[in-house]
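Architecture at a glance
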Amino acid sequence: MRLLGLVSHRRRRTFMGNGSGVSRGDRNRNARLSRLRLLVPVSNAIVGIDLADEKQMVVVTDHDSKVLARKTFRCRAWDLGVALDWAGKQAAGKGFAGVTVACEPTGHRWRVLGQLAAERGMPFVCVQPIQTSWARRSEDLTFDKTDEKDAVLIARLTAQLRCYIPEPIDETWGRLRHLGARRVQLLVETVSQVQQMRALLECVWPAALSAARYPFRSLTWTATMHVVMQRDGGDLARTRRIGLARLETAVRREIVRRGRQRPCTRIVRAVFAALSDPAGVHTHRRGALERVALLLDDWQESHRRLADTETRMTGVLDELHLTRLVTSITGLSAIGAAAILAETGDPHRFTSARALVKHAGLAPREKLSGTFVGRTKLTGQGRPALRLAAWRAVWGAQRANPVYAARFTHLTTREHNKLTVTQAQAVIAAAILRQLHAVITTGRAWNSAVATHGTRQPTVTPIAA
């Protein structure tokens, strides 16, 4: 997804505006380095650990990447407390006041290591695997990869402060993360089931898909298909013989069972007419329709589990007292906000809304050198799942929110630097993330005037006589 020409005169930074030559980016970077220096003080040795299943490579270095001690521990991640105690003794023997533990965020093991380090009062940081990969190539211009080298590279990158502070562990936010991951799995599962049913019906009974404009969104269509599949076991002539009236009665019972009052008779009649359509591979019809019947049951169960998961997620949002704030953004539902927050974690951990947008990979990547101005694209880095959650939130918000609708229209219709539909939607997704960060960190409800960069009229308080 490309974002062409998004850099304009209003985005050019003024680097000398405060008289010191220090830009806002410089200040943010300096503040981040200061926070990291508190966790990686010069008085501490650095313990670089390359995590694996049953083999853990531990190396103790100073800030010049000189290896002070090295040892391989044949144990699971939960048994690394012995390794941390050993590293602390080695560092103390070399005159260091303590140690800082560093590793790559590998699977679940880094969380275990972080807890073990916290229990011992040892600062803990993480190094991005892509940083280790780049450093491995620049080390000796080879692609060699060993546990011993990786552990040293992790320690070296930490000494250079090319690491990050992992998200603080919180029980409620952690629960939201796990529920969000389950919701993503269920969404993938439901989409897969729909694609399978569509492919099977296109092969053996294509007329059924024409009975409704959006068949898999229609409760009447799915209920009718369920009745047909359960009744004839792939022999469509049996259902045709019972007649339209009895089919409508059976579908009405199924609709009531699913919590609705009555079906759309037009769709029921269209499905009944499709029973006589000869198109399709007849030799595979019985087996394929049996699979469709099983997939319909699986799909209904997946929807039930998805609804249960979404109810739990909105319950966590209520527990965090954020439902009122996030739903104050017109067009953003509670479950849409919960899906985003399940990927971001607590927004307070981001120093700015821009940092959250960068975390999603929705920030523009500038290409400027001298008088050359290159084509601007999205970075595409960070968390793809967060980018997807924000992208899904665009569809409802863009229609219901007048601010987003006006912004979308402006971006796609302006004469200079006109964006495509996809590019404009990426801008709206980034705006949702920024404003979601703002309402949560400030505790103030969404305001359309502020969202459009307007100013609110000050409230005049009458003076008491």
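Presented here is a report on the structure given in the accompanying data block. Being a predicted model, the structure only gives us computed values, none of them experimental. (Residues numbered from 1 in each chain as written. Predicted model: local features only at pLDDT ≥ 70, side-chain atom pairs only at ≥ 80, totals over all residues. Heavy atoms only, no water.)

1. What to know about the nonpolar core
Counting 47 residues, the largest nonpolar core has L322, L341, L362, L433 and L436 as its most contacted members. The set of elements that each furnish at least two residues to this core consists of helix 6 (171-204), helix 11 (285-319), helix 12 (323-326), helix 13 (334-344), helix 14 (353-360), helix 15 (384-400), helix 16 (402-413) and helix 17 (421-442). No other element matches helix 17, which puts 10 residues into this core. Those residues in contact with L341 that sit more than four places away from it in its chain are W173, L176, L317, L322, V326, P347, L436 and I440. Core analysis: the next-biggest nonpolar cluster, separate from the first, contains 37 residues, A207, L236, V271 and W299 among them. (Core = buried A, V, L, I, M, F, W, Y, C linked by side-chain atoms within 4.5 Å. Buried < 20%, exposed > 50% of the residue type's maximum accessible area, 1.4 Å probe, protein only. Helix = DSSP H or I, 4+ residues; strand = E, 2+ residues; numbered from the N terminus. Contact = heavy atoms within 4.5 Å.)

2. Thoughts on the packing of aromatic side chains
Scanning the model with the defined rule gives 5 aromatic pairs in all. Seen in terms of ring centroids, F73 and W86 are 5.8 Å apart; in terms of plane orientation they differ by 70°. Their pairing is edge-to-face. Here W86 lies in helix 2 (residues 81-93) and F73 lies in strand 3 (residues 67-73), a separation of 13 residues in the sequence. In this structure F73 comes out as buried when scored by relative accessible area, which is 10%. Under the relative-accessibility criterion, W86 is labelled buried at 17%. A centroid spacing of 6.4 Å and a plane angle of 55° characterise the contact between Y404 and W446, whose relative ring orientation is tilted. In this pair, Y404 sits in helix 16 while W446 sits in the loop between helix 17 and helix 18 (448-451), placing the two residues 42 residues apart along the sequence. For the pair Y404 and W446, one class covers both residues: buried. Among the aromatic residues, ring-to-ring pairing joins F216, W221 and W299 into one connected group. (Phe/Tyr/Trp six-rings, centres within 6.5 Å; stacked < 30°, edge-to-face > 60°.)

3. Here's the deal with the sheet that holds strand 4 (residues 98-103)
The sheet built from 5 strands is open, its strands ordered 3-2-1-4-5 with mixed pairing. The sheet is open, and its two borders are formed by strand 3 and strand 5 (124-126), each paired with just one other strand. This sheet shows a mean twist of 20° between the axes of neighbouring strands, independent of strand direction. Where strand 2 (residues 56-61) meets strand 3, 6 bridges bridge the pair, whose relative direction is antiparallel. Residue pairing in the sheet places V59 in a bridge with R70 of strand 3. Most of the contacts of helix 3 (residues 109-119) go to strand 5, to which it runs at about 160°, and overall it touches strand 1 (44-50), strand 4 and strand 5. (Pairing = 2+ DSSP bridges. Axes fitted to C-alpha atoms, helices over the stretch in contact; angles between N-to-C directions.)

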